[in-house]
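# Coordinate inspection notes
Listed here are the chains, written in short residue letters.
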Amino acid sequence: MPLPSARDWTNATERRVMLFGMSGLGKTHLAKLLREGGDWFHYSVDYRIGTRYMGEYIADNFKREAMRVPLLRELLLTDSVYISSNITFDNLAPLSTYLGKPGDPDKGGLPFDEYMRRQDQHRAAEIAALRDTVPFIARAKELYGYRNFVCDTGGSICEVIDPFDKGDALMTELADHVLPVWIEGSDAHTAELIRRFDRAPKPMYYQPDFLHAAWADYLSQTGQPEDKVDPDAFVRWTYARALAHRAPRYRAMAETWGVTVTAEEVAKITDCDSFNTLIATKLD
């Protein structure tokens, strides 16, 4: 679908956008600001993944750990306790914890094959959650009366679509219904994201080829066997590579299907009107 003109955007009675970019640059903050403005429905892809498509995997993982404790095992077997995740838009820890990190089991690491199995589950779940965007647009309007819609994507959207294929089916479908908006970070933002990740490394989804290559390179450089790798050290080492890997993919998505705003511009947005004005300037 051709991009709307600035005039069409400004005069529109219904607006639909899809925010994408690296985690930590303001996607969810901006989506919440629009939602709190009163007339925007906030659809979180990561929340949908963690509840609709991976909720059972997450809960079963909790139960697997609980079954190792005699008291909890007895309570679970007699249906005396209920275990589930308390995932929210602001707390996606249950999802990232399930994804896990490969390496030394004594440090919480997973065997690499199991790690890749969970990565594959996430890929399927993310594609399904992205496809749900279109029916949720209709649902938000028909059920709740929302005229405007913001899709808050995960940082790995560029891993599950082919940004260099202008005919990518999933991205084309999305762009027919929402305006893709890339939040681009500066070099300073990249450095800050790396520092933040170093303080609290978390699991993420990556393409299988990228991960296999990173794992092989890390084992070769460190000389460690797979079951002795420090899981946090590996994901820290991988993260900097991921930023470089994803940047051109995001850029290609924006150039083909959407518009680009900077993280600095997003930080200055204070309400729905200033957001609409910013998008109009990018469409002009």
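Structure report, in brief.

About the cut-offs
Residues numbered from 1 in each chain as written. Predicted model: local features only at pLDDT ≥ 70, side-chain atom pairs only at ≥ 80, totals over all residues. Heavy atoms only, no water. 1 Å grid on protein atoms, 1.4 Å probe; cavity = no way out; pocket = protein on both sides within 12 Å on 5 of 7 lines; lining within 4 Å. Points joined across faces, edges and corners; volume = space filled by probe spheres on them. Helix = DSSP H or I, 4+ residues; strand = E, 2+ residues; numbered from the N terminus. Nonpolar A, V, L, I, M, F, W, Y, C, P; charged D, E, K, R; others polar. Patch = residues over 30% accessible without salt bridge, like charges linked within 9 Å, V, L, I, M, F, W, Y side chains within 5 Å. Areas by Shrake-Rupley, 256 points an atom, 1.4 Å probe, with all protein chains shown as cover. Salt bridge = Lys/Arg side-chain N within 4 Å of Asp/Glu carboxyl O. Lys, Arg positive; Asp, Glu negative; His and termini not counted. Charge placed at Lys NZ, Arg CZ, Asp CG, Glu CD. Buried < 20%, exposed > 50% of the residue type's maximum accessible area, 1.4 Å probe, protein only. Pairing = 2+ DSSP bridges.

Here the focus is the layout of surface pockets. Of the volumes computed, that of the largest pocket is approximately 820 Å³. Taken together, 33 residues line the largest pocket, and the ones lying closest to its centre are Ser23, Gly24, Asp46, Leu92 and Lys202. By residue number, the principal contributor to the lining of the largest pocket is helix 6 (residues 93-99), which donates four residues. Taken together, the residues of the lining of the largest pocket break down into 14 nonpolar, twelve polar and seven charged.

Further remarks concern a negative patch on the surface. A contiguous patch of negative charge, built from Asp106, Asp113, Glu226 and Asp227, is present on the exposed surface. The residue Asp106 is located in the loop between helix 6 and helix 7 (112-131) in this model. Given the relative accessible area of 71%, Asp106 is considered exposed.

Further remarks concern the pairing of strand 2 (residues 40-44). Most of strand 2 is tucked away: five of the five residues are buried. By the alternation rule, side chains of strand 2 split into Trp40, His42 and Ser44 and Phe41 and Tyr43, which are all buried. Pairing analysis gives five bridges linking strand 2 to strand 3 (residues 148-152), with the strands arranged parallel. Looking across to strand 3, one finds that Trp40 is bridged to Asn148.

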